[in-house]
Amino acid sequence: MSMLKSKLAEIFPKQKAEIAAMLKEFGEKEVSKVTLAQAYGGMRGVKGLVCDTSEVPPDKGLIIRGIELVHLTEKLPEEILYLLLTGELPNEAELADLQAEIQAQEEVPQYVWDVLNAMPADSHPMAMFNTAILVMQRESVFARRYSEGMKKDEYWGATYDDLISIVAKLPAIGAAVYRKRFNKGERLSSAKNIDWSQKYAQMLGLEDPNGELTKLMQLYLNLHSDHEGGNVSAYSAATVSSALSDLYYALTAGLNGLAGPLHGLANQECLGWVLETRDKFGGAPTHEQLKQFAEETLASGKVVPGYGHAVLRITDPRFDAFLAFGKKYMGEDPVFLTVQRVFETVPGVLSQVQKIKDPWPNVDAGSGALLYHYGLTEFSYYTVLFSISRALGIGAQAVVARAMGYPITRPKSLPTAAYKKIVGA
Ligand code: CMX
């Protein structure tokens, strides 16, 4: 058994016992109230989900297992996965063991390539990526062992096996989708014994003479891993997983949600918006021009992509991390300069609109410009990158939920007539 899995086998039963004891003593305590507006408003602010891998306080942004993001930006995604699962960062030996465990399972079955090759040439990269994961469902250890009558306390271990197997293959699948969808030539293989993001960067096949693109990939795959439990992708995946659907089903359910323009697809939309301003104004626009463009976007009934958040009420620390990277490596790039100028302008415009609760940039506001700088200019691909990273969080949440024995999700819905009666309307 790998070091990580052994560690989980040690800590999960204790955590489960703690939760059981808390429930026994405090199970009937109220933790949240729901207003009519919340019932009709996507349940914003209703506390009723459990997620131990990360939390997102509105005034702080992402905290993974108690560690604020600002202290994690230099870490490898593998370290983040370890942290998400265990609550601790790995030491050198533990990291090496996890990397070896991942590397041992990186070979993608041939039928995945056959399926991708059979897809229409103009398929969205997210449809290709998710199809590739879903078609591997037949590999699920959980599904096989469940059908053989696996015991309940072994569910998490089988889900962990699925997670490592999926995570191991995502760099190759993600890179293959890129190369196939955008006619970049044959699939590439990567060197052995390099880390997960390095492998991915190598297989994409973009030029990276001084290693900056690889550094960006490490940051990118690190920053998008998890964002507590209530966002569309995490929540959809957790709901599907709660039915004991295996991780192949649950992860793709979540990633299908990530493909929505109000969620992960915003990074594609956002760079499109930035480039539109450039085309419209014939170069990097001024602050005044950007203000005008943002106002026009709002007046036409569209959202300004990359701005606003359902939970955050500050500049997303993930955006800050990308901004710092851009300033360090591409301060003079006109697209990056536009992103900076948008950041200096758009919050002022959005603040004037009373209904918008958060006028600040989210993670998607800056990432595209950095990728664009290094030649990854096909922005319909960007959500695939987000997905490779988000698989870590979704997978970790699924393993933890199975280990804690959480039941099938089933909130209660009511028809409008019933709500009318409750509030006396
Ligand atoms: N541009 C224009 N209008 C916006 C806006 C923006 N950037 N952000 C919020 N609004 C509008 C909403 O559309 C909503 O309008 P209606 O009441 O007419 O429907 C109103 O302001 C209130 O919204 P809110 O309570 O402030 O925000 P929500 O929790 O409803 O929505 C989000 C959050 C992210 C969907 C929204 O801010 C948005 O659409 N932003 C642009 C898309 C984006 O960047 N999404 C990525 C988020 C990060 C991620 O999950 O990947």
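Located above this text is the structure these notes cover.
Below, the structure is looked at part by part.

Conventions adopted
Residues numbered from 1 in each chain as written. Predicted model: local features only at pLDDT ≥ 70, side-chain atom pairs only at ≥ 80, totals over all residues. Heavy atoms only, no water. Helix = DSSP H or I, 4+ residues; strand = E, 2+ residues; numbered from the N terminus. Expected span 1.5 Å × (residues − 1). Contact = heavy atoms within 4.5 Å. Polar contact = N/O pair within 3.5 Å; in protein donor to acceptor, adjacent residues only side chain to side chain. Salt bridge = Lys/Arg side-chain N within 4 Å of Asp/Glu carboxyl O. Phe/Tyr/Trp six-rings, centres within 6.5 Å; stacked < 30°, edge-to-face > 60°. Buried < 20%, exposed > 50% of the residue type's maximum accessible area, 1.4 Å probe, protein only. Lys NZ or Arg CZ within 6 Å of the ring centre and 35° of its normal. Axes fitted to C-alpha atoms, helices over the stretch in contact; angles between N-to-C directions. Parallel < 35°, antiparallel > 145°, perpendicular 65-115°, else oblique. Nonpolar A, V, L, I, M, F, W, Y, C, P; charged D, E, K, R; others polar. Near = heavy atom within 4 Å. Areas by Shrake-Rupley, 256 points an atom, 1.4 Å probe, with all protein chains shown as cover.

This part takes up helix α4 (residues 92-103). End to end, α4 covers 16 Å across twelve residues, agreeing with the expected 16 Å (1.5 Å per residue, within 8%). The secondary structure elements touched by the buried residues of α4 are α1 (3-26), α3 (77-86), α8 (155-181) and α9 (196-204). Measuring from the side-chain oxygen of the N-cap residue of α4 to the backbone nitrogen of Ala93 gives 3.1 Å; that N-cap residue is Asn91.

Right, let's talk about the pattern of salt bridges for a bit. Evaluation of the coordinates by the stated rule reveals 14 salt bridges. The partner of Arg138 in a salt bridge is Glu139, and the shortest N-O contact between them spans 3.1 Å. The network of salt bridges with common partners includes Lys7, Glu88 and Glu94.

For the rest of this paragraph, the subject is the packing of aromatic side chains. Taken as a whole and judged by the stated rule, the model has 13 aromatic pairs. Ring plane angle 80° and centroid distance 5.0 Å describe the contact between Phe12 and Trp156, whose orientation is recorded as edge-to-face. Of the two residues, Phe12 sits in helix α1 while Trp156 sits in helix α8, which places them 144 residues apart along the sequence. Here Phe12 and Trp156 have matching classes, each one buried. Centroid distance Trp273 to Phe293: 5.0 Å. Interplanar angle 55°. Geometry classified as tilted. Within this pair, whereas Trp273 is found in helix α13 (residues 266-281), its partner Phe293 is found in helix α14 (residues 287-299), the two being separated by 20 residues in sequence. Residue Trp273 shares its accessibility class with Phe293, and that shared class is buried. Stacked on the ring of Phe142, the Lys or Arg Arg402 has its end atom at 4.2 Å from the ring centre.

A separate point is the packing of α8 against helix α12 (residues 247-258). Two quantities define a packed helix pair, namely the angle between the axes and the distance from one axis to the other. Where α8 meets α12, the closest approach of the two axes is 10 Å, and the angle between their N-to-C directions is 60°. Viewed along their axes, α8 and α12 adopt a mutual orientation that is oblique. Along the contact surface, α8 presents Thr159, Asp162, Leu163, Ser165 and Ile166, while α12 presents Leu247, Tyr248 and Leu251. Tallied by class, residues from the contact of α8 with α12 come to five nonpolar, two polar and one charged.

What follows deals with the site of the ligand. Around the ligand sit 21 residues in total, of which Arg44, His263, Gly306, Tyr307 and Lys357 are the nearest. Interatomic distance of 2.7 Å between a side-chain N/O atom of Lys357 and an oxygen atom of the ligand. A distance of 3.0 Å separates an oxygen atom of the ligand from a polar atom in the side chain of Asp364. For the ligand, whose free accessible area comes to 890 Å², the fraction covered by protein is 77%. Within the shell around the ligand, the residues separate by chemical class into eleven nonpolar, six polar and four charged.

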